[in-house]
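Here is what each chain is made of, one letter per residue.
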Amino acid sequence: MEKRIQLLDIALDSVSTKDAVECTVRYLEEEGSRVVYLVNSETLFLLKKEQEWKSLVAESELILPANANVSASIDHVLGHKRESFFLESYIDAVLDYSIEMGHEMLIVAENESKFTFMQESIHEKRPLVTISGVYMTETEQSLGHIVNEINSVAPDILLFALNEQEQLTILKQYRNQINAGLMLFTGNTLYNQAVSESQVPQSIEKLKIGNLYKWFRMGGRWKAFWANVKIKFHLKQLGKEDDE
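Residues numbered from 1 in each chain as written. Predicted model: local features only at pLDDT ≥ 70, side-chain atom pairs only at ≥ 80, totals over all residues. Heavy atoms only, no water.

*Asks:* Even after reading the chapter, I still don't get the packing of helix α1 (residues 17–29) against helix α5 (residues 87–100), so can you show me in this structure?
*Replies:* For any two helices packed against each other, one specifies the inter-axial angle together with the distance between the axes. Where α1 meets α5, the axes come as close as 10 Å, and the angle between the chain directions of the two elements is 30 degrees. In this view, α1 runs roughly parallel relative to α5, as classed from their interaxial angle. By crossing handedness, the relation of α1 to α5 is classed as right-handed. Together, Thr17, Ala20, Val21, Thr24, Val25, Leu28 and Glu29 of α1 and Ser89, Tyr90, Ala93, Val94, Tyr97 and Ser98 of α5 make up the contact between the two elements. (Axes fitted to C-alpha atoms, helices over the stretch in contact; angles between N-to-C directions. Helix = DSSP H or I, 4+ residues; strand = E, 2+ residues; numbered from the N terminus. Parallel < 35°, antiparallel > 145°, perpendicular 65-115°, else oblique. Left-handed = near helix turned anticlockwise from the far one by under 90°. Contact = heavy atoms within 4.5 Å.)

*Asks:* Looking at this structure, how should I read the environment of Phe115?
*Replies:* With respect to the helices and strands, Phe115 occurs in helix α6 (residues 112–125). Overall, the relative accessible area of 8% leaves Phe115 in the buried class. When neighbours within four sequence positions are excluded, Phe115 is seen to be in contact with Ile107, Ala109, Ile131, Ser132, Gly133 and Tyr135. (Buried < 20%, exposed > 50% of the residue type's maximum accessible area, 1.4 Å probe, protein only.)

*Asks:* Would you mind going over unusual backbone geometry with me for this structure?
*Replies:* If a residue is not glycine, its phi is most likely negative; likewise, a peptide bond is most likely trans. One non-glycine residue with positive phi stands out, namely Leu8, at about 55 degrees. Within the secondary structure layout, Leu8 lies in the loop between β1 (4–7) and β2 (10–13). Even without being glycine, Ala154 reaches a positive phi, approximately 50 degrees. Relative to the helices and strands, Ala154 resides in the loop between α7 (143–153) and β7 (157–161).

*Asks:* Can you help me understand the pattern of salt bridges in this one?
*Replies:* Across all of its chains, the model carries twelve salt bridges by this definition. One network of salt bridges, in which partners are shared, links Asp92, Asp96, Lys125 and Arg126. (Salt bridge = Lys/Arg side-chain N within 4 Å of Asp/Glu carboxyl O.)

*Asks:* For this particular structure, what's the right way to read the pairing of strand β5 (residues 105–109)?
*Replies:* Of all five residues that make up β5, five are buried, and the element is covered over most of its length. What you see with β5 is no split at all: Met105, Ile107 and Ala109 on one side and Leu106 and Val108 on the other are buried throughout. Each parallel crossover has a hand, and the one from β5 via α6 to strand β6 (residues 131–135) is right-handed. Relative to β7, β5 runs parallel, the two being bridged by five bridges. Each bridged residue has a counterpart across the sheet, and for Val108 the counterpart in β7 is Phe160. (Right-handed = clockwise from strand over helix to strand, strands pointing away. Pairing = 2+ DSSP bridges.)

*Asks:* Would you take a moment to explain α5 for this structure?
*Replies:* Residues spaced three or four apart along an α-helix point in a common direction, a consequence of the helix completing one turn every 3.6 residues. The end-to-end C-alpha separation of α5 is 20 Å, in line with the 20 Å expected for 14 residues at 1.5 Å each. Within α5 the residues assigned to the buried category are Leu87, Tyr90, Ile91, Asp92, Val94, Leu95, Tyr97 and Ser98. Phi turns positive one or two residues past the end of α5, at Gly102, with a value near 70 degrees. (Expected span 1.5 Å × (residues − 1).)

*Asks:* Please clarify how the sheet that holds β6 should be interpreted in this entry.
*Replies:* Pairing between sheet strands relies on hydrogen bonds along the backbone, with the strands arranged either parallel or antiparallel. If you walk across this open sheet you meet the six strands as β4-β3-β8-β7-β5-β6, and the pairing is parallel. Both outer strands of the open sheet, β4 (62–65) and β6, are each paired with one neighbouring strand and no more. In this sheet, neighbouring strand axes are inclined to one another by 20 degrees on average, regardless of whether the strands run parallel or antiparallel. For β7 and strand β8 (residues 182–185), the ladder comprises four bridges, and the chain directions are parallel. Following the sheet pairing, Phe160 is matched in β8 by Phe185.

Take a look at the structure:
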């Protein structure tokens, strides 16, 4: 991508929702395997610590902001507000296009419960879609076993919904062994989107704490909160250094 910029020395693509969708659709139409990586604040700090992970993510065809804080940080580095990128709209557009084209889709989740929750959320909007899944069980299947299950399906679009360390480990060890058209590394994004769109139980709704209930259900919220604070602090410090 031509519009890739550096955020804390990590390359990200500064593209609009429309451009990101068009690029992803083109990848799905082409032969070969492509990677789209959604980067949150936690990812940025993990990549700063591990050069090999950083280099592998940098080879992705698209590196996109996974939350509003990273998106706002890109604007901060650019010094102006860029054309908007909305993650939820991007994911919806990619899923809708894949359904329209009859693509085989597969989710890799941390456990069966999270997979079922994401699957049901997708079915709410798209009742005719068929989407399968594999997941790390309580007996902790090896990553090699998970890759074998993926390759037995050979999906057109493969959605990783794992914690950051697991995703980066898979990218490092199995990038060239996975048989999938588009690999979309979403971290907690896909699950959190399903939580935000889900209905709150009546008992919780009566207490008027629906938003708080959803906040606690979302994956890695405390870790994400502190990572976001650290990003803002680092950018502020860099701003002070530039002024000196």
